[in-house]
Amino acid sequence: MPSLAEEICIGNLGSLQTLPESFTWKLTAADSLLRPSSAVSFDAVEESIPVIDLSNPDVTTLIGDASKTWGAFQIANHGISQKLLDDIESLSKTLFDMPSERKLEAASSDKGVSGYGEPRISPFFEKKMWSEGFTIADDSYRNHFNTLWPHDHTKYCGIIQEYVDEMEKLASRLLYCILGSLGVTVEDIEWAHKLEKSGSKVGRGAIRLNHYPVCPEPERAMGLAAHTDSTILTILHQSNTGGLQVFREESGWVTVEPAPGVLVVNMGDLFHILSNGKIPSVVHRAKVNHTRSRISIAYLWGGPAGDVQIAPISKLTGPAEPSLYRSITWKEYLQIKYEVFDKAMDAIRVVNPTN
Ligand SMILES: C=C1C[C@]23C[C@H]1CC[C@H]2[C@@]12CCC[C@@](C)(C(=O)O1)[C@H]2[C@@H]3C(=O)O
Ligand SMILES: O=C(O)CCC(=O)C(=O)O
Ligand SMILES: [Fe+2]
């Protein structure tokens, strides 16, 4: 008979019959570091973020409006095949269905972010989150996949490779579209111009496979705590079970209902910097479920590879609108974020903005 302490392991949360104290969220300001006002409730309001058809001739206006008001939207007719979405979802299922000990063999090392484990934001919260996941941030996933699937790793690595290629193309297409709505062209940003010319083969992103097991007391638990993504933008595929909520000051928490083949797009902190504050980075979280486990796959896009500086676009700054943030590389931003978390944007804000 294992002791209670042994039973509570992130790899087998789904087998627990009661919610341990360490997983019970009280929704005080400490549970929602980014927007204390968002801590007030577990409930969501009856509103929804727009679904935008990418083949609509008004796509630029629609996407521009949604990213400015919500910092998030959903997309249909995005060109990602249903087969690829199904493939990566079943890869995730196969992984999370493994016994805890097997999954832990692919655990991320202390130094690395890649591999199996808790969400990266966990250390900033008092309570534990009801989820497990696998992060792909560099090529080390190939070794992990070798350990997890000695016979099938080539097939699974192929799916990841294809997913990364397709998502990178889609992410840059969305960037160009949102820039267009701000009256900016790719030529206005040196790195974006290079990216466009190279057919977006020089960008950088990460994938996070998230699994939220069934939970005995979903009302008091949290799958993934309120956060913003440290990206330019994130493209999220959620399985047919919902759980994602986005926060808007005017509305409160809004549930993003899953629909077949529809992807969610979130604006991240780097887009906020790039747009000199015109595009909000959306605060979002994942709730859990009593009867159904849930999988989501996030493609976190950081834009340019290498040590390229991301700065407010000069066309969007001027005497009346001074640059609000200093320039920063993605790597540097991630370092700051995982030192000071909710204060990361303040840490790079220009104190007395002049031009
Ligand atoms: C490239 C990134 C972006 C990371 C950190 C690193 C690898 C994993 C990403 C996520 C994925 C899950 C949510 C998040 C908030 C987390 O805990 O890990 C993300 C975080 C961020 O957007 O800050
Ligand atoms: O599971 C979800 O719906 C949200 C996941 C998420 O926010 C992330 O991976 O960054
Ligand atoms: Fe996120």
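Look up: the structure comes first, before these words.
Residues numbered from 1 in each chain as written. Chains lettered and ligands numbered in written order. Predicted model: local features only at pLDDT ≥ 70, side-chain atom pairs only at ≥ 80, totals over all residues. Heavy atoms only, no water.

## Structural notes on the site of ligand 1
Taken together, the neighbourhood of ligand 1 is formed by 13 residues, with Arg 120, Ile 121, Asp 229, Ser 230 and Tyr 338 sitting nearest. Between Ser 230 and ligand 1, the recorded distance is 2.5 Å, taken from a side-chain N or O atom to an oxygen atom. At a separation of 2.5 Å, an oxygen atom of ligand 1 approaches a polar side-chain atom of Tyr 338. For ligand 1, the accessible surface in isolation is 450 Å², of which the surrounding protein chains cover 96%. Residue assignment for the shell around ligand 1 shows that the elements contributing at least two residues are strand E5 (203-212) and helix H9 (330-340). No other element matches the 3 residues that H9 contributes to the shell around ligand 1. Taken together, the residues of the shell around ligand 1 sort by class into 7 nonpolar, 3 polar and 3 charged. (Near = heavy atom within 4 Å. Polar contact = N/O pair within 3.5 Å; in protein donor to acceptor, adjacent residues only side chain to side chain. Areas by Shrake-Rupley, 256 points an atom, 1.4 Å probe, with all protein chains shown as cover. Helix = DSSP H or I, 4+ residues; strand = E, 2+ residues; numbered from the N terminus. Nonpolar A, V, L, I, M, F, W, Y, C, P; charged D, E, K, R; others polar.)

## Focus: the pattern of salt bridges
Going through the model one piece at a time under the given rule, you end up with 17 salt bridges. In this structure, Arg 142 engages Asp 139 in a salt bridge whose closest nitrogen and oxygen atoms are separated by 3.9 Å. Note that Lys 343 is salt-bridged to Asp 342, the shortest N-O span being 3.3 Å. Residue Lys 343 is classed as partly exposed on the basis of its relative accessible area, which comes to 48%. Linked through salt bridges whose partners overlap, the residues forming this network are Glu 47, Arg 248 and Glu 250. (Salt bridge = Lys/Arg side-chain N within 4 Å of Asp/Glu carboxyl O. Buried < 20%, exposed > 50% of the residue type's maximum accessible area, 1.4 Å probe, protein only.)

## Some words on helix H6 (residues 153-181)
Here H6 is 29 residues long and its end C-alpha atoms lie 42 Å apart, about the 42 Å a rise of 1.5 Å per residue gives. One or two positions beyond H6, positive phi appears at Gly 183, with a value near 80°. (Expected span 1.5 Å × (residues − 1).)

## Examining the environment of Ser 92
Examined against the element boundaries, Ser 92 turns out to sit in helix H3 (residues 82-96). Classification of Ser 92 as buried rests on a relative accessible area of 0%. Here the alpha-carbon distance between Ser 92 and His 211, two residues 119 residues apart in the chain, equals 8.1 Å. Excluding anything up to four places from it in sequence, Ser 92 contacts Leu 209, Ile 295 and Ile 297. (Contact = heavy atoms within 4.5 Å.)

## Comments concerning the pairing of strand E4 (residues 132-136)
Among the 5 residues that make up E4, 5 are buried, leaving the element largely enclosed by the rest of the structure. With burial as the criterion, each face of E4 is covered, one bearing Glu 132, Phe 134 and Ile 136 and the other bearing Gly 133 and Thr 135. Two strands pair when backbone bridges link them, and strand E3 (residues 115-117) and E4 are joined in this way by 3 bridges, in the antiparallel orientation. Its bridge partner being in E4, Tyr 116 is matched across the sheet by Phe 134. (Pairing = 2+ DSSP bridges.)

## Overview of the coordination of the iron ion (ligand 3)
Looking at the iron ion (ligand 3), one finds its protein donor set to be His 227 (NE2), Asp 229 (OD) and His 284 (NE2), positioned 2.1 to 2.2 Å from the metal centre. Taken in chain order, the donor set of the iron ion (ligand 3) reads H-x1-D-x54-H. One end of the pair, His 227, is in strand E6 (residues 224-227); the other, His 284, is in strand E11 (residues 283-286), with 57 residues separating them in the sequence. Given the relative accessible area of 7%, His 227 is considered buried. Accessibility expressed as a relative area gives 5% for His 284, which makes it buried. (Donors = N, O, S within 2.8 Å, 3.2 Å for Na, K, Ca; no water.)

## Regarding the site of ligand 2
Taken together, Asn 210, Tyr 212, Leu 224, His 227, Asp 229, Leu 236, Leu 244, His 284, Ala 286, Arg 294, Ser 296 and Ala 298 form the complete shell of residues around ligand 2. One of the side-chain nitrogen or oxygen atoms of Arg 294 is found 2.8 Å away from an oxygen atom of ligand 2. At a separation of 2.7 Å, an oxygen atom of ligand 2 approaches a polar side-chain atom of Ser 296. Protein chains shield 96% of the accessible area of ligand 2, which is 290 Å² for the free molecule. Taken together, the elements giving at least two residues each to the shell around ligand 2 come down to E5, E6, E11 and strand E12 (294-304). Broken down by element, the shell around ligand 2 gets its largest block of residues, 3 residues, from E12. Of the residues belonging to the shell around ligand 2, the class tally is 6 nonpolar, 4 polar and 2 charged.

## Structural notes on the pairing of strand E10 (residues 263-267)
Judged by how many residues are buried, E10 sits mostly within the fold: 5 of 5 residues are covered. Side chains Leu 263, Val 265 and Met 267 of E10 all project onto a buried face; the interleaved residues Val 264 and Asn 266 project onto the opposite face, where all are buried too. Relative to E10, strand E2 (residues 72-76) runs antiparallel, the two being bridged by 4 bridges. Residue pairing across strands places Ile 75 opposite Leu 263, the latter belonging to E10.

## Focus: the packing of H6 against helix H7 (residues 190-197)
Contact geometry of H6 with H7 gives a least axis separation of 11 Å together with a crossing angle of 130°. Classified by the angle their axes make, H6 and H7 are oblique. Handedness of the crossing formed by H6 with H7: left-handed. Judged by residue contacts, Ser 172, Leu 175 and Tyr 176 of H6 engage Trp 191, Ala 192, Leu 195 and Glu 196 from H7. The class makeup of the residues in the contact of H6 with H7 is 5 nonpolar, 1 polar and 1 charged. (Axes fitted to C-alpha atoms, helices over the stretch in contact; angles between N-to-C directions. Parallel < 35°, antiparallel > 145°, perpendicular 65-115°, else oblique. Left-handed = near helix turned anticlockwise from the far one by under 90°.)

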